[in-house]
Amino acid sequence: DVKVTQSSRYLVKRTGEKVFLECVQDMDHENMFWYRQDPGLGLRLIYFSYDVKMKEKGDIPEGYSVSREKKERFSLILESASTNQTSMYLCASSLFQGRDTEAFFGQGTRLTVV
Amino acid sequence: GENVEQHPSTLSVQEGDSAVIKCTYSDSASNYFPWYKQELGKRPQLIIDIRSNVGEKKDQRIAVTLNKTAKHFSLHITETQPEDSAVYFCAAAEGGSQGNLIFGKGTKLSVKP
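The structure reproduced in this document is the subject of the present report. These numbers were taken from a predicted model, which means no experiment stands behind them.

Conventions adopted
Residues numbered from 1 in each chain as written. Chains lettered and ligands numbered in written order. Predicted model: local features only at pLDDT ≥ 70, side-chain atom pairs only at ≥ 80, totals over all residues. Heavy atoms only, no water. Core = buried A, V, L, I, M, F, W, Y, C linked by side-chain atoms within 4.5 Å. Buried < 20%, exposed > 50% of the residue type's maximum accessible area, 1.4 Å probe, protein only. Helix = DSSP H or I, 4+ residues; strand = E, 2+ residues; numbered from the N terminus. Contact = heavy atoms within 4.5 Å. Polar contact = N/O pair within 3.5 Å; in protein donor to acceptor, adjacent residues only side chain to side chain. Pairing = 2+ DSSP bridges. Axes fitted to C-alpha atoms, helices over the stretch in contact; angles between N-to-C directions. Phe/Tyr/Trp six-rings, centres within 6.5 Å; stacked < 30°, edge-to-face > 60°.

### As for the nonpolar core
Among the nonpolar cores identified, the biggest contains 24 residues, and W35, F73, L75 and L109 of chain B are the most heavily contacted of them. Elements represented by at least two residues in this core include exactly β2 (10-14), β3 (19-25), β4 (32-38), β5 (45-51), β7 (62-67), β8 (72-77), β9 (86-93) and β11 (107-112) of chain B. Residues F74, L76, L78 and V113 of chain A belong to the second largest nonpolar core, which totals 20 residues.

In structure tokens, the structure reads:
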């Protein structure tokens, strides 16, 4: 069974703080993704990575950065948290560098910025 | 880039009825179309997918159809049950990419007993 694990289920941070969301997968997947989920807006892609030290912007990268120093770990960084970044964040991974492979999701991190 | 539209945003059916959710996509190079189900408080999970070389795929009570010419695909659930209640997301793998999934905004399906 593929396991994608996010470090926290719930987080509360203050405006202006630097926030790290961690994601680890245990199936040697090449691809890793960070999505943001908001009611009525679905899943929006923030950043993705196809390989170690490689990253690409998704649809809504502003205010975020990512790090992939090891194949199994993909971190999402909020450089200076703002209240409009309060959301559910979902990490996902998939096996091949192809276009037709299943994405496996983590359990999500609900971030509240106050 | 790819854009995926999903309708309806909410759907309420009586147990035993059928439910249909429709999606359209913009990138003619997209070749892979999965559907995910997200139960309340849980992570999205793949329930069925279809590739561009087929027009229809079935798995028990769930079926997906694809019309590449019109760039739309649909999820059909027959004989709905209360446990089918969830949010369903369609997605398309972005053409020319290495696996990026672009999701629709989701459909909240409620099945009334």
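Picking up where we left off.
### Looking at the interface of chain B and chain A
On the side of chain A, 26 residues touch chain B, which itself brings 24 residues to the contact. If you look at where chain B meets chain A, you find six residue pairs in polar contact (both at pLDDT 80 or more). Secondary structure elements with two or more residues in the side of chain B that touches chain A: β4, β5, β9 and β10 (101-103) of chain B.

### Overview of the sheet that holds strand β6 (residues 56-59) of chain B
Residue and element names in this part refer to chain B. Taken in spatial order, the five strands of this open sheet run β1-β3-β8-β7-β6, and their pairing is antiparallel. What marks the edges here is a single partner per strand, and that holds for β1 (4-7) and β6. Each strand of the sheet is rotated relative to its neighbour by a mean of 15°, with strand direction disregarded.

### What to know about unusual backbone geometry
Going from H7 of chain B to P8 of chain B, the amide bond is cis rather than trans, its omega being -5°. As for its position among the elements, P8 of chain B is in the loop between β1 and β2. One non-glycine residue, K53 of chain A, lies in positive phi territory at about 65°. Inspection of the secondary structure puts K53 of chain A in the loop between β5 (42-49) and β6 (56-57).

### Re the sheet that holds strand β1 (residues 4-6) of chain A
Residue and element names in this part refer to chain A. The strand order across the open sheet formed by four strands is β1-β3-β8-β7, and the pairing between neighbours is antiparallel. The outermost strands of the open sheet, each flanked by one partner alone, are β1 and β7 (64-70). Across the sheet, the axes of successive neighbouring strands diverge by a mean angle of 20°, strand direction being ignored. Pairing geometry for β7 and strand β8 (residues 73-78), over five bridges, is antiparallel.

### Some words on the packing of aromatic side chains
Summed over the entire model, instances satisfying the criterion amount to 14 aromatic pairs over all chains. When the centroid spacing of 4.9 Å and the interplanar angle of 45° are considered together, the rings of F33 of chain B and F73 of chain B count as tilted. In this pair, F33 of chain B is assigned in strand β4 and F73 of chain B in strand β8, connecting sequence segments 40 residues apart. You can call F73 of chain B buried: its relative accessible area is 0%. Put simply, the rings of F33, Y35, F48, Y50 and F105 of chain A together with Y36, F89 and F103 of chain B touch in pairs and so form one group of aromatic residues.

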